[in-house]
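# Architecture at a glance
Listed below are the residues making up each chain.
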Amino acid sequence: MAEGDPGKKKFIIDTDPGIDDAMAIFVALQSPQVEVIGLTTIYGNVYTTLATRNALHLLEVAGRTDIPVAEGSHFTITNGTKLRIADFVHGADGLGNQNFPPPNGKAIEQSAAAFLVDQASKYPGEITLVALGPLTNIALAIQLDPAFTKNIGKIVILGGAFAVNGNVNPAAEANIFSDPDSADIVFTSGADILAVGINVTHQVLFTDADREKLAASNGKLAQYLCKILDVYYSYHCDAYDIKGVYLHDPATILAAIDPSLFTWTEGAVRVQTSGITRGLTILYNKQKRFEEVTEWTDKPTVKVAVTVDAPEVVKLVMDRLMSL
Ligand SMILES: O=c1[nH]cnc2c1ncn2[C@@H]1O[C@H](CO)[C@@H](O)[C@H]1O
């Protein structure tokens, strides 16, 4: 395992790869300010077993098999096994139906939650955990170790649809919808949290012209991504009538590296865990003192992204992806 470069931010990426996860992992690996010290895997875009396989495969593509992968939960925090898997977004293999050969590497013995707890206590306050999938592993880490929320430096979450429609249904965004109980545990845990919702990532569009630029570069990662991106493009064309793809996960990596690319508001976030609005994320902006005690009263404050410098984020993503 890579051992500490004091000038760099230590990242652990919790991921369900996933085409935009692949882009995000590559962006993190190619960012000079970042040292990726581990990947943890979760269901979401694919089942967890396939997420682990894809995480190992992506590290092999990038030549970074020194980075450990810890496998995460196969079910929700309430032991739900009827998972919502977004294979229609990313292809049956999660990586654009390319059917890559299996990786040579293996996940470490430790579970994702145990790995997160361990690393956070090894480097207290130093780790940025970027959560790109449902929040089950993070909620499990919180339950496993009461000191985790204090030990982990920062948690940057791709999740939620703040005051806009979701992408699973009008109420819910995919990562939160997949395990709303975990999401509510994490949002109310008191950890230092930044959340990037689809209200913001839907402004970060990677256009056809961007893809052509990527294709024209000789970079290894660029060439690899151009192979897998087709399925993601078709999905966006069918679902949103747009010629381009949303950079949910890469934008979140950049938020973790440089929050000043975004503007933020603060407040308590609660997640609806049942009923027709299951997965709904509601931010209380603390602008009004309510007469009654509410489910938001006295809950810890988190930061939620409000706007993004989208052209700069796309430019940075492009630069990183063409740099190897
Ligand atoms: O319609 C969808 N259903 C499920 N997952 C989606 C959809 N669109 C995008 N994503 C995936 O979920 C995260 C953002 O919510 C992203 O990781 C994206 O790849």
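Residues numbered from 1 in each chain as written. Predicted model: local features only at pLDDT ≥ 70, side-chain atom pairs only at ≥ 80, totals over all residues. Heavy atoms only, no water.

Take the side chain of H248 next. Examined against the element boundaries, H248 turns out to sit in helix α12 (residues 248-257). For H248, a relative accessible area of 10% corresponds to the buried category. Those residues within four positions of H248 in sequence are excluded, and the remaining contacts are D20, L158, I198, T201, H202 and Y232. (Helix = DSSP H or I, 4+ residues; strand = E, 2+ residues; numbered from the N terminus. Buried < 20%, exposed > 50% of the residue type's maximum accessible area, 1.4 Å probe, protein only. Contact = heavy atoms within 4.5 Å.)

The full set close to the ligand counts 15 residues, and D20, H90, N167, E173 and Y235 are the nearest of them. R84 has a polar side-chain atom sitting 3.4 Å from a nitrogen atom of the ligand. One of the side-chain nitrogen or oxygen atoms of D249 is found 3.3 Å away from an oxygen atom of the ligand. Relative to its unbound accessible area of 400 Å², the ligand is 98% covered by the protein chains. Elements that contribute at least two residues to the shell around the ligand include exactly α3 (87-90), α11 (220-240) and α12. Among the elements that line the shell around the ligand, the one with the most residues is α3, at three residues. By residue class, the composition of the shell around the ligand is seven nonpolar, four polar and four charged. (Near = heavy atom within 4 Å. Polar contact = N/O pair within 3.5 Å; in protein donor to acceptor, adjacent residues only side chain to side chain. Areas by Shrake-Rupley, 256 points an atom, 1.4 Å probe, with all protein chains shown as cover. Nonpolar A, V, L, I, M, F, W, Y, C, P; charged D, E, K, R; others polar.)

Moving on, we come to the side chain of R270. Within the fold, R270 resides in strand β9 (residues 262-271). Polar side-chain contacts of R270 include one of 2.7 Å to the side chain of D184. At 2.6 Å, the side chain of R270 forms a polar contact with the backbone oxygen of E295. In this structure R270 touches D184, T188, L280, T281, I282, E295, W296 and K299, once residues within four positions along its chain are discounted.

Right, let's get into the packing of aromatic side chains. Applying the stated rule across the entire model yields seven aromatic pairs. Aromatic side chains Y240 and Y246 sit 5.1 Å apart centroid to centroid with 80° between the ring planes, which places their arrangement in the edge-to-face category. Ring pairing ties together the aromatic residues F88, Y235, Y240 and Y246, which thus form one cluster. If you follow K10 out to its NZ or CZ, it ends over the ring of Y123, 4.7 Å from the centre. Across from the ring centre of Y233, 3.7 Å away, lies the NZ or CZ of R211, which sits over that ring. (Phe/Tyr/Trp six-rings, centres within 6.5 Å; stacked < 30°, edge-to-face > 60°. Lys NZ or Arg CZ within 6 Å of the ring centre and 35° of its normal.)

Taken as a whole, this structure holds seven salt bridges when the rule is applied. Note that R270 and E295 form a salt bridge whose closest N and O atoms lie 3.8 Å from each other. With a gap of 25 residues between them, R270 in strand β9 and E295 in the loop between β10 (281-284) and β11 (302-308) connect regions that are remote in the sequence. On the basis of relative accessibility, which here comes to 16%, the residue R270 falls in the buried class. Owing to a relative accessible area of 55%, E295 belongs among the exposed residues under this scheme. Where salt bridges share partners, they join D184, R270 and E295 into one cluster. (Salt bridge = Lys/Arg side-chain N within 4 Å of Asp/Glu carboxyl O.)

Helix packing for two helices is described by the angle between their axes and how far apart those axes are. Taken N-terminus to C-terminus, the directions of helix α4 (residues 112-122) and helix α5 (residues 136-144) make an angle of 60°; their axes are 8 Å apart at the nearest point. Looking at the two axes, α4 sits oblique to α5. The handedness of the crossing between α4 and α5 is right-handed. Mapping the contact onto sequence places A112, A113, A114, L116 and V117 in α4 and N137, I138, L140, A141 and L144 in α5. (Axes fitted to C-alpha atoms, helices over the stretch in contact; angles between N-to-C directions. Parallel < 35°, antiparallel > 145°, perpendicular 65-115°, else oblique. Left-handed = near helix turned anticlockwise from the far one by under 90°.)

Strands sit in the order β3-β2-β1-β4-β5-β6-β11-β9-β10 across an open sheet of nine strands; the sheet is mixed. One side of each edge strand has no neighbouring strand; the edge strands of this open sheet are β3 (69-70) and β10. Of the pairings in the sheet, the one linking strand β2 (residues 34-41) to β3 comprises two bridges and is parallel in character. Directly across from L39, in β3, lies its bridge partner V69. In the packing of α4 onto the sheet, the strands contacted are β1 (9-15), β2, β3 and β4 (127-131), and the crossing angle to β2 comes to about 150°. Contacting β5 (154-158), β6 (193-196), β9 and β11, helix α8 (residues 180-187) runs over the sheet at an angle of about 115° to β9. (Pairing = 2+ DSSP bridges.)

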